[in-house]
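Letter by letter, the chains look like this.
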Amino acid sequence: MSQDNKQIDEHLIEVSDPDVKIEPFVEDVIGFVIFWVLASVVFLQFFSRYVLNDSYAWTEEISRYLLMWLTFVGAATAMRRGSHIGVEAIQHFMPSSLARLSRLVIDAITLGFLACLCWFGVAITERMQIQTMTVIEWPMSIVYGGVFVGCCLMLYRYIRVVWGNYKRRWQPDPDKVNLLID
């Protein structure tokens, strides 16, 4: 009887689900809300055009602007995850000291570029305050504010990336999968 219990307790494959921890990052929450508002507006546009045969004029314009907001806020999510496109293959063939230097230079250039984007985002948002949307009499600064918000979120996330790189002294990130070349 004990032999049967032993066989029942032994399994060929052990499966366990890891504990999933969902962290509500601000850019994910904003993107989630914008996405569902966008989906609702597009559905309303579809419904009013093809079912009611009388399209609401504002739905096309608002959906276009919501997509702009979603693009820039989503870019901040991609920045946090490190999923923006980049060429890293060359660094794998460089000597360690030269690869570290290139990571430092890339971080400095990227930080400068994102800071410029934030600066220009403020300037364009202020300038578009006097212009209004085509269908709705709202200022275009609302639309360009999405560019500013997304760029600021990207800058914040990249500052955190640079801080991590600084703490590792620009050594390769051990959490990333190494490039395998056959």
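Here we summarise the structure given alongside this text. (Residues numbered from 1 in each chain as written. Predicted model: local features only at pLDDT ≥ 70, side-chain atom pairs only at ≥ 80, totals over all residues. Heavy atoms only, no water.)

Across the interface, helix H3 (residues 57-81) lies against helix H6 (residues 141-167) with an axial gap of 8 Å and an inter-helix angle of 0°. Relative to H6, the element H3 lies roughly parallel. (Axes fitted to C-alpha atoms, helices over the stretch in contact; angles between N-to-C directions. Helix = DSSP H or I, 4+ residues; strand = E, 2+ residues; numbered from the N terminus. Parallel < 35°, antiparallel > 145°, perpendicular 65-115°, else oblique.)

Put simply, helix H2 (residues 26-50) and H3 touch, their axes get as near as 9 Å, and they point 155° apart. By the angle between their axes, H2 is roughly antiparallel relative to H3. Where H2 crosses over H3, the two elements pack in a sense that is left-handed. Taken together, the residues that form the contact of H2 with H3 break down as 15 nonpolar, 5 polar and 5 charged. (Left-handed = near helix turned anticlockwise from the far one by under 90°. Nonpolar A, V, L, I, M, F, W, Y, C, P; charged D, E, K, R; others polar.)

Moving on, we come to a nonpolar patch on the surface. Among the surface-exposed residues, Phe 43, Phe 46, Phe 47, Tyr 50, Val 51, Leu 52, Tyr 56, Trp 58 and Val 135 lie close enough to one another that they form a single nonpolar patch of about 900 Å² accessible area. Looking at which element gives the most residues to the nonpolar patch, the answer is H2, with 4 residues. Relative to the elements of secondary structure, Val 51 occurs in the loop between H2 and H3. Residue Val 51 is classed as partly exposed on the basis of its relative accessible area of 49%. (Patch = residues over 30% accessible without salt bridge, like charges linked within 9 Å, V, L, I, M, F, W, Y side chains within 5 Å. Areas by Shrake-Rupley, 256 points an atom, 1.4 Å probe, with all protein chains shown as cover. Salt bridge = Lys/Arg side-chain N within 4 Å of Asp/Glu carboxyl O. Buried < 20%, exposed > 50% of the residue type's maximum accessible area, 1.4 Å probe, protein only.)

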